[in-house]
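# Topology and contacts: notes
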Amino acid sequence: NGEPGIVFIDKMNSDNPTPHVGPIESTNPCGEVPLLSYEACNLGSINLGLMMKKSSSGWEVDWDLLEETTRTAMRFLDNVIAVNNYPLPQISEMVQNNRKIGLGVMGWADMLMKMGLSYNSEEGTKLAGQVMEFIDYVSKTESIELAKERGSFNNFKGSIYDSENYLFNKYRGKSAGKIADEKWAEIDAGIKQYGLRNATTTCIAPTGTISMIASASGGVEPLFGLVFSRLIMDGTEMLEVNPIFKDYMIENGLYSEELMSQIAS
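For the structure given in this document, a descriptive report is provided here. (Residues numbered from 1 in each chain as written. Predicted model: local features only at pLDDT ≥ 70, side-chain atom pairs only at ≥ 80, totals over all residues. Heavy atoms only, no water.)

## Overview of the state of the cysteines
Two cysteines, two sulfur atoms, one covalent bond between them: this is a disulfide. Put simply, the rule is: The disulfide criterion is simple: two cysteine sulfur atoms within 2.5 Å. A 1.4 Å probe rolled over the protein chains alone gives each residue an accessible area, and that area as a share of the maximum for its type sets the label: buried under 20%, exposed over 50%, partly exposed in between.
Applying the stated criterion across every chain, the model contains zero disulfides. C41 forms no disulfide, and the closest cysteine sulfur to it belongs to C203, at a distance of 7.6 Å. Accessibility expressed as a relative area gives 34% for C41, which makes it partly exposed.

## Some words on the nonpolar core
The criterion, for reference: Nonpolar cores are built from buried Ala, Val, Leu, Ile, Met, Phe, Trp, Tyr and Cys residues. Side-chain atoms within 4.5 Å join them into one set. The numbering of helices and of strands both runs from the N terminus, where a helix is a DSSP run of H or I of at least 4 residues and a strand a run of E of at least 2. Should any heavy atoms of two residues lie within 4.5 Å, those residues are counted as being in contact.
If you look at the biggest cluster of nonpolar residues, it comprises 39 residues, and the most contacted ones within it are L48, L66, M111, V131 and Y161. Those elements that place two or more of their residues in this core are α2 (63–83), α3 (89–98), β6 (102–106), α4 (108–115), α5 (122–150), α6 (166–171) and α7 (181–194). Every residue in contact with M111, bar those within four places of it in the chain, is listed here: L48, G49, M51, M52, V61, L127 and V131. Counting residues in each nonpolar core, the second largest holds five residues, with V227, F245, M249 and M260 among its members.

## Looking at the packing of α2 against α5
Here is the rule: In this analysis, axes come from line fits to C-alpha atoms, helices being fitted only over the stretch in contact, and the angle between any two N-to-C directions falls in the range 0 to 180 degrees. Angular relationships are summarised with four words: roughly parallel below 35 degrees, roughly antiparallel beyond 145, roughly perpendicular across 65 to 115, and oblique for the angles in between. Crossing handedness is defined as follows: a turn of the near helix away from the far one that is anticlockwise and smaller than a right angle gives a left-handed crossing, while the clockwise case is right-handed. Three categories are distinguished: nonpolar for Ala, Val, Leu, Ile, Met, Phe, Trp, Tyr, Cys and Pro, charged for Asp, Glu, Lys and Arg, and polar for the others, with Gly belonging to the last.
Two elements in contact, α2 and α5, have axes whose closest approach is 9 Å; the angle formed by their N-to-C orientations is 50°. With respect to α5, the axis of α2 lies oblique. With respect to the hand of their crossing, α2 and α5 are arranged in right-handed fashion. Of the residues belonging to the contact of α2 with α5, the class tally is nine nonpolar, six polar and eight charged.

## Structural notes on the pattern of salt bridges
One side chain can pair with another of opposite charge once the charged atoms of both are near each other. Put simply, the rule reads: Should a side-chain nitrogen of Lys or Arg be within 4 Å of a carboxyl oxygen of Asp or Glu, the pair is scored as a salt bridge.
Summed over the entire model, instances satisfying the criterion amount to 12 salt bridges. As a salt-bridge pair, E164 and K192 come within 2.8 Å of each other at their nearest N and O atoms. Placement of the pair is E164 in the loop between α5 and α6 and K192 in helix α7, with a sequence separation of 28 residues. No difference in accessibility class separates E164 from K192, as the two residues are exposed. Each of E67, R71, R75, E142 and E149 takes part in one network of salt bridges that share partners.

## Section: the packing of aromatic side chains
Which entries qualify depends on this criterion: Pairing of aromatic side chains here covers Phe, Tyr and the six-membered ring of Trp, requires ring centres within 6.5 Å, and sorts the geometry by plane angle: under 30 degrees stacked, over 60 edge-to-face, intermediate tilted. Any Lys NZ or Arg CZ found within 6 Å of a ring centre and within 35 degrees of that ring's normal is scored as a charge over the ring.
Counted under the stated rule, the structure contains six aromatic pairs. With 5.1 Å between their ring centres and 70° between their planes, W63 and F134 make a pair best called edge-to-face. With a gap of 71 residues between them, W63 in helix α2 and F134 in helix α5 connect regions that are remote in the sequence. You'll find W63 and F134 in the same group, each marked buried. Of the aromatic side chains, those joined through ring pairs into one cluster are Y137, Y171 and W184. Seen from the ring of W59, K114 lies directly overhead, with NZ or CZ sitting 4.5 Å from the centre. The lysine or arginine in question, K148, covers the ring of Y194, its NZ or CZ lying 4.7 Å from the ring centre.

## Details of the packing of α4 against α5
Between α4 and α5, the shortest axis-to-axis distance is 12 Å and the interhelical angle comes to 125°. When the axis of α4 is compared with that of α5, the two are oblique. Of the two elements, α4 crosses α5, and the hand of that crossing is right-handed. Judged by residue contacts, W108, M111, L112 and M115 of α4 engage G124, L127, A128 and V131 from α5.

Shown next, in the form of C-alpha cells:
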C-alpha cells in the first residue's frame, strides 16, 4: 500500500541537511545518496586495505595516513563540483548551492583480513565504527577548512548546521571510541565561525567496478569470493584472486593455478 516507502522517505528527511531548500524525494540509481530534485551524487572511496601499517604485532590501521587521504579526497571531490559540466542549468545551480560530497570506503574486508579479524566479530564491528567515525570527523574538519578558503555552501543559512551544537548533540554519548564528544563541540564552534563547504561529506557506495580496478573488496561488504572467474570482452576467462589471500597461500606454500581454479568453481 506504499506505507513502507513513505516511512522511509520521512526517515531520510529527518536527516535532510537543507530542509529549507526542499524535501528529499528520491535517491541516486544505486540508492546510497538521498537527493533533492536536480541534485547529483559526487562519490569517492578510500581503499581501507591500503590505510594500514605493519607493527611488531602485525597489521594495524595507519590513522595518520587515513587522515591525510581523507583530507586530500575532500579537496578532490570539492574540485569535481567546480570543474564538472552539468547537463541542465537547474542541476548546476542545485549542486553548486549544496555542494554535497559522498566520501566512502572500499577494501573493508581486506582491512579485516590483514588484521586477522572476522567480518562478524565484535572486534570487527567496533573497528568499523571507529574507522567511519574518524573519516566523518576528519571530513567535517576539512570542509570547515575549505569554507575558510572558498566560502561555505550557498544554502548554509537555514541548514541543520546553522544551529547551536548540532553535531555535538547528534553524536554525544555515541562515540565508537575514536572521537571524544568535545571534538564534535569544537567542530560546531568552527562551523559557527566559518560555515561548512559541503552539505554532506560521507556516503557508503557499493564500489563494484572501482573495487575491481583497485583489486580491493567492494564497499563495506564481505568478499564476493576468494577467487572468481570473469569473462572479458573477447570471451577470455580471467581468474580474479584476492591479493591478500594469494600472498597468504604463496607464503604457506599452498598456491597453484589449479587450486585457484577449483576454488573459483
